[in-house]
Amino acid sequence: MAKHHPDLIFCRKQAGVAIGRLCEKCDGKCVICDSYVRPCTLVRICDECNYGSYQGRCVICGGPGVSDAYYCKECTIQEKDLRSNISPKRSNLPTFAQRDGCPKIVNLGSSKTDLFYERKKYGFKKR
């Protein structure tokens, strides 16, 4: 989604321990490149993107999440994913360092915004 829509903006804050989720519509997609092949690394999102009513929401579109989100193998090789390091102080607890930051999309695209105002202008209601 974000690869094909340049107006979408990622959060890019440091990731926490929360696992990213995907809705039924986005299920199986890579969060970065929209690929459906070879899911590899689990997506971690920042604490702000997983707080309150945002908890368990889809990373791409914001719908109710039904499955865990994964990066594809190619994005993992290109280091757009999350890497796990072992903390030197506590050898048994892993620490997470997001290479590109939190992948949650934080704004609506211009096409969705335009659709909202077009529906409002003509008085169409959602069914």
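See above for the structure.
Residues numbered from 1 in each chain as written. Predicted model: local features only at pLDDT ≥ 70, side-chain atom pairs only at ≥ 80, totals over all residues. Heavy atoms only, no water.

J.: I keep staring at the overall build of the chain and nothing clicks. Help me out?
T.: Within the chain, the secondary structure is distributed over two helices and eight strands. Element order for the chain, N to C, with α for helix and β for strand: β-β-β-β-β-β-α-β-β-α. When the 127 residues of the chain are sorted by exposure, 35% land in the buried category. Considering only contacts within the chain whose residues lie at least 6 apart along the sequence, 74% involve residues at least 24 apart. On the chain, roughly 8600 Å² of surface is accessible, and the fraction owed to carbon and sulfur atoms is 53%. (Helix = DSSP H or I, 4+ residues; strand = E, 2+ residues; numbered from the N terminus. Buried < 20%, exposed > 50% of the residue type's maximum accessible area, 1.4 Å probe, protein only. Contact = heavy atoms within 4.5 Å. Areas by Shrake-Rupley, 256 points an atom, 1.4 Å probe, with all protein chains shown as cover.)

J.: Mind showing me how you'd approach the pattern of salt bridges here?
T.: Following the criterion strictly, the structure yields two salt bridges and no others. In this structure, the salt-bridge partner of E48 is K13, at a minimum N-O distance of 2.5 Å. Here E48 is found in the loop between β4 (44-45) and β5 (67-68), whereas its partner K13 is found in the segment before β1 (18-19), with 35 residues between them in sequence. Overall, E48 belongs to the exposed group, its relative accessible area being 53%. Ionic pairing is found between R21 and D68, a salt bridge with its closest N-O pair at 2.6 Å. Remark: D68 occurs in strand β5 and R21 occurs in strand β2 (residues 21-22); sequence separation between them is 47 residues. A relative accessible area of 26% means that R21 is categorised as partly exposed. (Salt bridge = Lys/Arg side-chain N within 4 Å of Asp/Glu carboxyl O.)

J.: How should I be thinking about the side chain of T41 in this particular structure?
T.: One can find T41 in strand β3 (residues 39-42). Here T41 falls in the buried class, since its relative accessible area comes to 16%.

J.: What is the right way to read the nonpolar core from this model?
T.: Taken as a class, soluble globular proteins show a tendency for nonpolar side chains to be buried jointly. With 24 residues, the main nonpolar core has I45 and C75 as its most contacted residues. Sequence-distant contacts of C75, defined by excluding residues within four places in its chain, comprise C30, I32, C33, K80 and D81. (Core = buried A, V, L, I, M, F, W, Y, C linked by side-chain atoms within 4.5 Å.)

Keep in mind these values describe shape, not function.
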